[in-house]
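Residue strings, one per chain:
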Amino acid sequence: MLDLELLRSFVSVVDAGGFTRAGERVHRTQSTVSQQIKRLEEDIGQPLLHRDGKAIAPTEAGERLLSYARRLLSLAEEARDVLARPASEGAVKLGIPEDFAAYRLTKLLASCTRERPGLRLDVRADQSLYLKRDLARGELDLALLKRDAGEPGAIAVWPERVHWVTSKSHPVDIRAKSLPLIGFPGGCLYRARAIHALESAGRSWHMAYTSSSLAGIQAAVAAGMGLSILSDMSIQADHRMLTAKEGFKPIDKTEMALVASPNASPATLRLADRLAAFCDSVQIKAA
């Protein structure tokens, strides 16, 4: 059986072009490396190196051995790395709303992967409409999503605080005949709630700005392009909340729900516990 240490010294001699520099690479003296090459040649039964003064070059047998030696050393290194890693916990596919992605949740998820290096997270930030669909399809293991209050099937739920907002510097004229709306594309829960609230109040409206990006909606509100509804954590310093006295009551009957797939793995359920604790702390601080 070939000795990996001898092979390592052999490859180092060929790559370094000499015994002294090879010894520096493998942390051995020149004489030790020379003895290792002699032992390897005795094991193989053939000379492996041409020695012409200080010049070193592999023989024909040495050339043939060199490619095998590199592969054996690489395979040994791979085996050592695999065995040194913690046991794999598998992968968890997690869906989260964008306003949570832009908030402190990303820090929590990064902390989870540092604490459990055997866990592989696949996180996607998207509209709740699509998160709910993909969870039902089995394309997600766990989702934190916005939904109508009271829907069944969730590990935990939290009531949302959602408010009408306008620009602080360039507020929309709330007496306008048709109110300009800013929101996500059709299918968004917030968009549907906003339209329903205005129509129930007998107000006309039109879409002034549609974006699939939360940052785009926040910027459009700040610039004064229209009204929107945003959760507490998405309202920025350059936004102003509209009040019930102005005819804009907070939107109710929406909730944040943590939902797992029916066949959730232990790793998924452990992550769900961490997310539930995080959401509990966020709700307490927002109260």
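Here the structure is a predicted model, which is why all the values come from computation and not from measurement.

Rules used in this analysis
- Think of each chain on its own: its residues are numbered from 1, step by step along the sequence as written.
- Given that the model is predicted, a residue must reach a pLDDT of at least 70 before its local features are reported, and side-chain atom pairs must reach 80 or more before they are shown or counted; all residues, however, enter totals for whole chains, interfaces and linings.
- The side-chain values count all of the structure's non-hydrogen atoms but skip hydrogen atoms and water molecules.
- Buried residues are those whose accessible area, probed at 1.4 Å on protein chains only, stays under 20% of the maximum for their type, while exposed residues exceed 50% and partly exposed ones sit between those limits.
- Helical segments are the DSSP runs of H or I of at least four residues, strand segments are the runs of E of at least two, and each set is numbered from the N terminus.
- Here, strands pair whenever DSSP counts at least two bridges between them.
- For the handedness criterion, the strands are oriented away from the viewer, and a crossover whose path from the first strand over the helix to the second runs clockwise is classed as right-handed.
- Note on patches: the residues involved have over 30% relative accessible area and no salt bridge, like charges join within 9 Å, and the nonpolar side chains Val, Leu, Ile, Met, Phe, Trp and Tyr join within 5 Å.
- Surface exposure here means Shrake-Rupley accessible area, sampled with a 1.4 Å probe, where a residue is shielded only by the protein chains that are shown.
- Salt bridge, as used here, is a side-chain nitrogen of Lys or Arg placed within 4 Å of a carboxyl oxygen of Asp or Glu.
- Each helix should span, by expectation, one fewer than its residue count multiplied by 1.5 Å.
- In protein, a polar contact requires one atom able to donate a hydrogen and another able to accept it; more generally it is a pair of N or O atoms within 3.5 Å, and residues adjacent in sequence count only if both atoms are side-chain atoms.
- An axis is simply a line fitted to the C-alpha atoms; with a helix, the fit covers only the stretch in contact. Between two such axes, the angle follows the N-to-C directions and lies from 0 to 180 degrees.
- Working rule for contacts: check all heavy atoms of both residues, and any pair within 4.5 Å makes them a contact.
- Throughout, the term roughly parallel applies to angles under 35 degrees, roughly antiparallel to angles over 145, roughly perpendicular to angles from 65 to 115, and oblique to all others.
- Residues are grouped as follows: Ala, Val, Leu, Ile, Met, Phe, Trp, Tyr, Cys and Pro are nonpolar; Asp, Glu, Lys and Arg are charged; every other residue, Gly included, is polar.
- Here a crossing is called left-handed whenever its near helix is offset anticlockwise from the far helix by less than a right angle, and right-handed whenever the offset is clockwise.

Asks: Now, about the pairing of strand β8 (residues 178–183): what can you tell me, with residues and values included?
Replies: Counting buried positions along β8 yields five of six residues, so the element is predominantly enclosed. Of the strand pairs in this sheet, β8 and strand β9 (residues 204–210) are connected by six bridges, and their pairing is parallel. Residue pairing in the sheet places Leu181 in a bridge with Met207 of β9. Handedness of the crossover is the feature at issue here: the chain leaves β8, passes through helix α8 (residues 189–200), returns alongside β9, and the resulting connection is right-handed.

Asks: Residues and numbers for a nonpolar patch on the surface, please.
Replies: Judged by side-chain polarity, Leu2, Leu4, Ile44, Tyr68 and Leu72 come together as a nonpolar surface patch covering roughly 390 Å² of accessible area. As for its placement among the helices and strands, Leu2 is situated in the segment before α1 (4–16). The class for Leu2 is partly exposed, based on a relative accessible area of 33%.

Asks: Give a description of α8 that names residues and reports values.
Replies: Compared with the 16 Å implied by 1.5 Å per residue over 12 residues, the 16 Å span of α8 between its first and last C-alpha is a close match. Among all positions of α8, only Leu189, Tyr190, Arg193, Ala194, Ile195 and Leu198 are buried. Directly after α8, the chain includes Gly202, whose backbone phi takes a positive value near 75 degrees.

Asks: Could you give an account of the environment of Glu5, naming the residues involved and the relevant values?
Replies: Looking at the element boundaries, Glu5 is found in helix α1. Distance from Glu5 to Ala91, taken between C-alpha atoms, is 37 Å for residues 86 residues apart in sequence. In this structure the side chain of Glu5 is engaged in a polar contact, spanning 2.9 Å, whose partner is the side chain of Arg8.

Asks: Tell me about the sheet that holds strand β10 (residues 228–231), and please be specific about residues and values.
Replies: Remark on secondary structure: sheet strands pair via backbone hydrogen bonds, oriented parallel or antiparallel. Strand order in this open sheet of three strands is β10-β7-β11, and the pairing throughout is antiparallel. Taken across any chain shown, the strands that pair with only one partner, and hence form the sheet edges, are β10 and β11 (239–241). Neighbouring strand axes in the sheet, compared pairwise and without regard to direction, differ in orientation by 50 degrees on average. Pairing geometry for strand β7 (residues 162–167) and β11, over three bridges, is antiparallel. If you follow Thr166 over to β11, its bridge partner there is Arg240. Along the sheet face, α8 touches β7 and β10 and points at about 130 degrees away from the line of β10.

Asks: Give me the pairing of strand β6 (residues 156–159): which residues, what numbers.
Replies: Each regular strand displays side chains that alternate between the two surfaces of the sheet. Along β6, the buried face is formed by Ala156 and Trp158; none of Val157 and Pro159, which line the opposite face, is buried. Summarising the sheet, β6 and strand β12 (residues 254–260) pair through four bridges and their orientation is antiparallel. Each bridged residue has a counterpart across the sheet, and for Pro159 the counterpart in β12 is Glu255.

Asks: Can you tell me about the sheet that holds β12, naming the residues and giving the values?
Replies: Strand order across the open sheet formed by five strands is β4-β3-β5-β12-β6, with mixed pairing between neighbours. The sheet is open, and its two borders are formed by β4 (119–125) and β6, each paired with just one other strand. Here the strands of the sheet are splayed against their neighbours by 20 degrees on average, with no regard to which way each runs. Each of β3 (90–96), β4, β5 (142–148) and β12 is contacted by helix α7 (residues 128–137), which is oriented at about 125 degrees to β5, the strand it contacts most.

Asks: Tell me what's going on with the packing of helix α2 (residues 19–26) against helix α3 (residues 30–44), and back it up with residues and numbers.
Replies: Interaxial distance between α2 and α3 falls to 8 Å at its minimum, and their mutual angle equals 95 degrees. As the angle between them shows, α2 and α3 are arranged roughly perpendicular. Along the contact surface, α2 presents Phe19, Thr20, Ala22, Gly23 and Val26, while α3 presents Gln30, Val33, Ser34 and Ile37. Of the residues that constitute the contact of α2 with α3, the class distribution is five nonpolar, four polar and no charged.

Asks: Hey, could you go over the packing of α1 against α3 for me, with residue numbers and the actual values?
Replies: Between α1 and α3, whose axes approach to 9 Å, the crossing angle comes to 110 degrees. The pairing of α1 with α3 is recorded here as roughly perpendicular in orientation. Relative to α3, the crossing made by α1 is left-handed. From α1, Leu6, Leu7, Ser9, Phe10 and Val13 reach across to α3, where they touch Val33, Gln36, Ile37, Arg39, Leu40 and Asp43. Residues of the contact of α1 with α3, tallied by class, amount to seven nonpolar, two polar and two charged.

Asks: Any chance you could break down helix α9 (residues 214–223) for me, citing the residues and the numbers?
Replies: Every α-helix winds through 3.6 residues per turn, so residues three or four apart in the chain are directed the same way. Most of α9 sits inside the fold, with seven of its 10 residues counted as buried. What α9 keeps buried is the set Leu214, Gly216, Ile217, Gln218, Ala220, Val221 and Ala222. You can read the cap of α9 off the contacts: a side-chain oxygen lies 3.2 Å from the backbone nitrogen of Ala215, and it is on Ser213. Positive backbone phi, at 90 degrees, marks Gly224, one or two positions downstream of α9.

Asks: Describe the side chain of Thr254, listing the residues and the values that go with them.
Replies: Looking at where Thr254 falls in the secondary structure, it is placed in strand β12. Since its relative accessible area comes to 3%, Thr254 is described here as buried. Not counting residues within four places of it along the chain, the set of residues in contact with Thr254 comprises Arg147, Ala149, Pro159, Glu160, Val162, Leu189 and Arg193.

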